[in-house]
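Each chain is listed here by its residues.
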Amino acid sequence: FQGPNGPWTSFSIVSNGVISELAGHPAPAAGGGSPNNNTYLNAAPTAFYNLADWDPSAATGGGNVWYEESAGVTTITWENVPNWTATPPAAGVNTFQFQLYPSGIVTIAWSGANLSSFGNNGGALIGYSPGGTNLEPGATDISAIGAGSVQIVAADIPPTTLSSVN
């Protein structure tokens, strides 16, 4: 995969919906609900997110996290993974997939019926962080993007500010 900062020769899959350039990416605390945006936007490794407190353990009824690699695309799929608030056989399972292409294009695909269950999980942090220090961009309605794309750029840098001095 050709990442924005160069090729990824390996990556880490975090069950909570993170694909990270390096191992050891932080995961939200168990039962933590809504992720803290600044923690993940300023995490050291480059990462793609559909982050919430997904729980594929047997205690919640499971679900699966699948990985498949080919010359044309690498896919990582969370299939019927409940959120931490789910008690089997409660609704709230989620199916989504990351598709990483050799060109550097990344697609995040969701099953539309599952997006409503994100609210039961405190919300989700969806997107990309180039690692290092980044500005909080604020909430974005990703459904308004449709079939369009989002341009990924290098880390954000706060603008120069002015202040008065006596």
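Residues numbered from 1 in each chain as written. Predicted model: local features only at pLDDT ≥ 70, side-chain atom pairs only at ≥ 80, totals over all residues. Heavy atoms only, no water.

Novice: What exactly am I supposed to notice about the packing of aromatic side chains here?
Specialist: Two measures describe an aromatic ring pair: the distance that separates the ring centres and the angle between the ring planes. Applying the stated criterion across every chain yields a total of six aromatic pairs. On the numbers, 6.3 Å between centres and 50° between planes, the contact of W8 with F11 is tilted. Exposure remark for W8: the relative accessible area of 7% places this residue in the buried category. On the basis of relative accessible area, F11 is assigned to the partly exposed category, the value being 24%. Linked through ring pairs, W8, F11, F48 and Y67 together constitute an aromatic cluster. (Phe/Tyr/Trp six-rings, centres within 6.5 Å; stacked < 30°, edge-to-face > 60°. Buried < 20%, exposed > 50% of the residue type's maximum accessible area, 1.4 Å probe, protein only.)

Novice: Help me understand the sheet that holds strand 6 (residues 64-69), please; the structure alone is not making it clear to me.
Specialist: One key point about sheets: their strands pair by backbone hydrogen bonds, in either a parallel or an antiparallel sense. Spatial ordering of the open sheet is given by 6-7-8-9, a layout of four strands whose pairing is antiparallel. Strands with a single pairing partner mark the edges of an open sheet, and in this sheet they are strand 6 and strand 9 (106-110). Taking the axes of each pair of neighbouring strands and ignoring which way they run, one obtains an average angle of 10° across the sheet. (Pairing = 2+ DSSP bridges. Helix = DSSP H or I, 4+ residues; strand = E, 2+ residues; numbered from the N terminus. Axes fitted to C-alpha atoms, helices over the stretch in contact; angles between N-to-C directions.)

Novice: What am I meant to see in the layout of surface pockets here?
Specialist: Empty space among the atoms can be located by rolling a probe the size of a water molecule over them. Volume-wise, the second largest pocket comes out at about 160 Å³. Every residue lining the second largest pocket is counted, 15 residues in all, and those nearest its centre are F1, W8, F11, E69 and T74. Tallied by class, the residues present in the lining of the second largest pocket amount to nine nonpolar, five polar and one charged. (1 Å grid on protein atoms, 1.4 Å probe; cavity = no way out; pocket = protein on both sides within 12 Å on 5 of 7 lines; lining within 4 Å. Points joined across faces, edges and corners; volume = space filled by probe spheres on them. Nonpolar A, V, L, I, M, F, W, Y, C, P; charged D, E, K, R; others polar.)

Novice: For this particular structure, what's the right way to read the side chain of T77?
Specialist: Residue placement: T77 occurs in strand 7 (residues 74-82). For T77, a relative accessible area of 16% translates into the label buried. Within the structure, T77 has its side chain in polar contact with the side chain of Q97 (distance 2.7 Å). Every residue in contact with T77, bar those within four places of it in the chain, is listed here: N64, V65, W66, F96 and Q97. (Polar contact = N/O pair within 3.5 Å; in protein donor to acceptor, adjacent residues only side chain to side chain. Contact = heavy atoms within 4.5 Å.)

Novice: Help me understand a nonpolar patch on the surface in this model?
Specialist: On the surface, I13, V65 and Y67 cluster together into a nonpolar patch covering about 230 Å² of accessible area. Within the secondary structure, I13 is located in strand 3 (residues 12-14). For I13, a relative accessible area of 33% translates into the label partly exposed. (Patch = residues over 30% accessible without salt bridge, like charges linked within 9 Å, V, L, I, M, F, W, Y side chains within 5 Å. Areas by Shrake-Rupley, 256 points an atom, 1.4 Å probe, with all protein chains shown as cover. Salt bridge = Lys/Arg side-chain N within 4 Å of Asp/Glu carboxyl O.)

Novice: In this structure, what is going on with unusual backbone geometry? I would like to understand it.
Specialist: Glycine aside, the phi torsion of most residues is negative, and most peptide linkages are trans. A positive phi angle, near 55°, is found at N80, a position not held by glycine. You can see N80 is positioned in strand 7.

Novice: Honestly, the environment of W84 in this entry has me stumped. Any pointers?
Specialist: Mapped onto the fold, W84 is located in the loop between strand 7 and strand 8 (93-100). Take W84: its relative accessible area is 34%, and that puts it in the partly exposed class. Taking the C-alpha atoms as reference points, W84 and W54, 30 residues apart in sequence, are found 5.9 Å from one another.

Novice: Got a minute to help me understand the sheet that holds strand 3 in this structure?
Specialist: Reading across from one edge, 3-4-5-10 is the order of the four strands in this open sheet, with antiparallel pairing throughout. Of all strands in the sheet, those bounded by a partner on one side alone are strand 3 and strand 10 (125-129). Within the sheet, the average angular offset between the axes of one strand and its neighbour, ignoring direction, is 10°. As paired elements, strand 5 (residues 47-51) and strand 10 share five bridges and run antiparallel to each other. Bridge pairing in strand 10 links F48 to Y128.

Novice: Teacher, can you tell me more about the confidence of the model for the protein chain here?
Specialist: The predicted coordinates ought not to be read in detail in places where the model reports low pLDDT. For the protein chain, mean pLDDT is 73; residues scoring 70 or higher make up 60% of the total. Least confident of the elements in the protein chain is helix 1 (residues 37-41), whose mean pLDDT is 66; most confident is strand 6, at 92. (pLDDT = per-residue confidence, 0-100.)

Novice: Mind showing me how you'd approach the environment of S111 here?
Specialist: Here S111 lies in the loop between strand 9 and strand 10. The sequence separation of S111 and F96 amounts to 15 residues, and the corresponding C-alpha distance is 6.2 Å.

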